[in-house]
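One letter stands for each residue in the lines below.
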Amino acid sequence: MYTVTTPKYYNVIFLIFLLLYLFIVMFVVPNTEITVDRESYFISFSNTPDIIDRMDFLSPSILLQEPIYRVIVYLLGIFFSPQSIALILIGISASLSMGTLYKARPDLLILIILVFLLPQFMGKYIVHIRQGLAITIFLVTYLYFKRSLITSCFIAGLAHISFFIALPILFAIKITPKKRVYFFLISIVFFLSAFLLFYQDLFRQIVFYLNIRQGQNYSFTSDNVSGLGFLYWFSIYIFLFMQKRLSEPRALSMNIIGLYLASYFFVNFLSRLLESFLPMIFIELKSLNTKVCYLALIFYLVV
């Protein structure tokens, strides 16, 4: 169990930042052009009772329909308007995510603040409300309730299906002998297998075959991508790959990046999975090398 002594004023700084952050994500940024698709959420919230009525909760396919998110929105819809539901989900998700991370690692307060200020991560709570809720469920389950990564990703996947993509990686890590060479071999196998999956367009076919929501909502292309972004994440992947010891969170972070790199020039959806694990990735970098971690944060804003 991780224990650390931190200055008492850290709590004051955290509370002030949390209140300012909630004000920004709930009332400042949503009034800008960044959230032009907010209306689609209002429509979705209004249609949730009809969606719930059509869902077969006894069918295995329910796992792919993000039932936790649907049920939460349905229950909130009994008492609140669609506009209020959005604010409630944003506020609860942002505060619980940040609070859970700080409670688990108060010594990383500065890093937590910087990660939550990243536009790409802040957007998970403002624009991608469903994903922000799933990130919260993952962090609370893993860091607060101390459940395994497999359990945490599975439960989070019931709110946003992208977390299910991490499950094959975690199962492979679990059954792999705890030796450096085996971790590296499984990472190479995952990267090459994923590359073939995206190159042969099999990923899109699987999504449409399973009738997953993202099949209708996302473009299975990766237009106008930056080569700098690929080099950036490839550098972090190699940095993690070269480490002598790979814990389960570190191995998961490395393979999530590898999966994203394999899809980089073919599918844009995997960036959502990568962004869900940004806190874990940067925490793992910080545990290895503080300078590398903060340099990576700076360059992430550029690429």
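Residues numbered from 1 in each chain as written. Predicted model: local features only at pLDDT ≥ 70, side-chain atom pairs only at ≥ 80, totals over all residues. Heavy atoms only, no water.

How do you make sense of the overall build of the protein chain when you look at a structure like this?
Counting its regular elements, the protein chain contains 17 helices and zero strands. A globule of 303 residues ought to have a C-alpha radius of gyration of about 19 Å, and the protein chain, at 19 Å, matches this closely. Its C-alpha atoms put the protein chain at 55 × 55 × 40 Å along the principal axes. Put simply, the protein chain has 303 residues, and 50% of those count as buried. (Helix = DSSP H or I, 4+ residues; strand = E, 2+ residues; numbered from the N terminus. Rg over C-alpha atoms; globule rule 2.2 N^0.38 Å. Buried < 20%, exposed > 50% of the residue type's maximum accessible area, 1.4 Å probe, protein only.)

What is the right way to read the packing of aromatic side chains from this model?
Pairs of aromatic rings are described using the distance from one ring centre to the other and the angle between the two planes. This structure, assessed with the given rule, holds 32 aromatic pairs. A centroid spacing of 5.7 Å and a plane angle of 35° characterise the contact between phenylalanine 154 and phenylalanine 164, whose relative ring orientation is tilted. Of this pair, phenylalanine 154 sits in helix α8 (residues 149-157) while phenylalanine 164 sits in the loop between α8 and α9 (166-175), placing them ten residues apart in sequence. Overall, the relative accessible area of 35% leaves phenylalanine 154 in the partly exposed class. The buried category is assigned to phenylalanine 164, whose relative accessible area is 15%. Measuring from ring centre to ring centre gives 4.4 Å for phenylalanine 184 and phenylalanine 241, while their planes differ by 25°; the resulting arrangement is stacked. (Phe/Tyr/Trp six-rings, centres within 6.5 Å; stacked < 30°, edge-to-face > 60°.)

I keep staring at helix α16 (residues 278-288) and nothing clicks. Help me out?
For an α-helix the count is 3.6 residues per turn, leaving residues at separations of three or four pointing the same way. Of all eleven residues making up α16, eight are buried, and the element is well covered by its neighbours. Leu278, Pro279, Met280, Ile281, Phe282, Ile283, Glu284 and Leu285 are the residues of α16 that are buried.

Sorry if this is basic, but what is going on with the nonpolar core here?
Nonpolar side chains in soluble globular proteins tend to end up buried together. Judged by nonpolar contacts, the single largest core of 98 residues is most densely connected at Trp233, Leu252, Leu270, Phe277 and Phe282. For this core, the element with the most residues is helix α14 (residues 248-263), which contributes nine residues. Beyond its immediate stretch of four places on either side in the chain, tryptophan 233 contacts Ile257, Tyr260, Leu261, Leu274, Leu278, Ile281 and Tyr300. (Core = buried A, V, L, I, M, F, W, Y, C linked by side-chain atoms within 4.5 Å. Contact = heavy atoms within 4.5 Å.)

Sorry if this is basic, but what is going on with helix α6 (residues 119-126) here?
Counting buried residues along α6, six of its eight residues qualify, which places the element largely inside the surrounding structure. Listed as buried for α6 are Phe121, Met122, Gly123, Lys124, Tyr125 and Ile126.

Even after reading the chapter, I still don't get the pattern of salt bridges, so can you show me in this structure?
Where charged atoms of side chains with opposite charge meet at close range, the side chains can pair. Scanning the model with the defined rule gives five salt bridges in all. Between lysine 124 and glutamate 275 there is a salt bridge whose closest N-O contact spans 2.6 Å. With lysine 124 in helix α6 and glutamate 275 in helix α15 (residues 270-276), the pair connects residues that are 151 residues apart, well separated along the chain. In this structure, lysine 124 and glutamate 275 share a single accessibility class: buried. We note a salt bridge from glutamate 248 to lysine 174, for which the minimum N-O separation is 3.7 Å. A residue pair is termed long-range when its members are at least 10 positions apart, and glutamate 248 in helix α14 and lysine 174 in helix α9 qualify at 74 residues. Overall, lysine 174 belongs to the partly exposed group, its relative accessible area being 43%. (Salt bridge = Lys/Arg side-chain N within 4 Å of Asp/Glu carboxyl O.)

I tried to follow the environment of leucine 167 on my own but got confused; where do I start?
Its place among the elements puts leucine 167 in helix α9. Taking the C-alpha atoms as reference points, leucine 167 and alanine 296, 129 residues apart in sequence, are found 26 Å from one another. Here leucine 167 is in contact with Ile150, Cys153 and Phe154, once residues within four sequence places are set aside.

What am I meant to see in the side chain of serine 263 here?
Examined against the element boundaries, serine 263 turns out to sit in helix α14. Residues within four places of serine 263 in sequence aside, it is in contact with Phe198 and Leu270.

Looking at this model, I keep getting lost on the confidence of the model for the protein chain. Mind explaining?
Do not read the predicted coordinates in detail wherever pLDDT is low. Residues with a pLDDT of 70 or more make up 90% of the protein chain, whose mean pLDDT is 87. Averaged over each element, pLDDT in the protein chain is lowest for helix α12 (residues 214-217) (58) and highest for α8 (97). (pLDDT = per-residue confidence, 0-100.)

Please clarify how unusual backbone geometry should be interpreted in this entry.
Glycine aside, the phi torsion of most residues is negative, and most peptide linkages are trans. Its identity is not glycine, yet glutamate 66 carries a phi of approximately 55°, on the positive side. Among the structural elements, glutamate 66 can be located in the loop between α2 (38-54) and α3 (67-79). One non-glycine residue with positive phi stands out, namely lysine 146, at about 60°.

It is not clear to me how the packing of α9 against α14 should be interpreted in this structure. Could you clarify?
Each pair of packed helices can be described by the angle between their axes along with the distance between the axes. Axis separation between α9 and α14 bottoms out at 10 Å; the angle between their running directions is 135°. By the angle class used here, α9 and α14 are oblique. Between α9 and α14 lies a crossing of right-handed hand. Touching Ala166, Ile169, Leu170, Ile173 and Lys174 of α9 are Glu248, Ala251, Leu252, Asn255, Ile256 and Leu259, all from α14. When the residues that make up the contact of α9 with α14 are grouped by side-chain class, the tally is eight nonpolar, one polar and two charged. (Axes fitted to C-alpha atoms, helices over the stretch in contact; angles between N-to-C directions. Parallel < 35°, antiparallel > 145°, perpendicular 65-115°, else oblique. Left-handed = near helix turned anticlockwise from the far one by under 90°. Nonpolar A, V, L, I, M, F, W, Y, C, P; charged D, E, K, R; others polar.)

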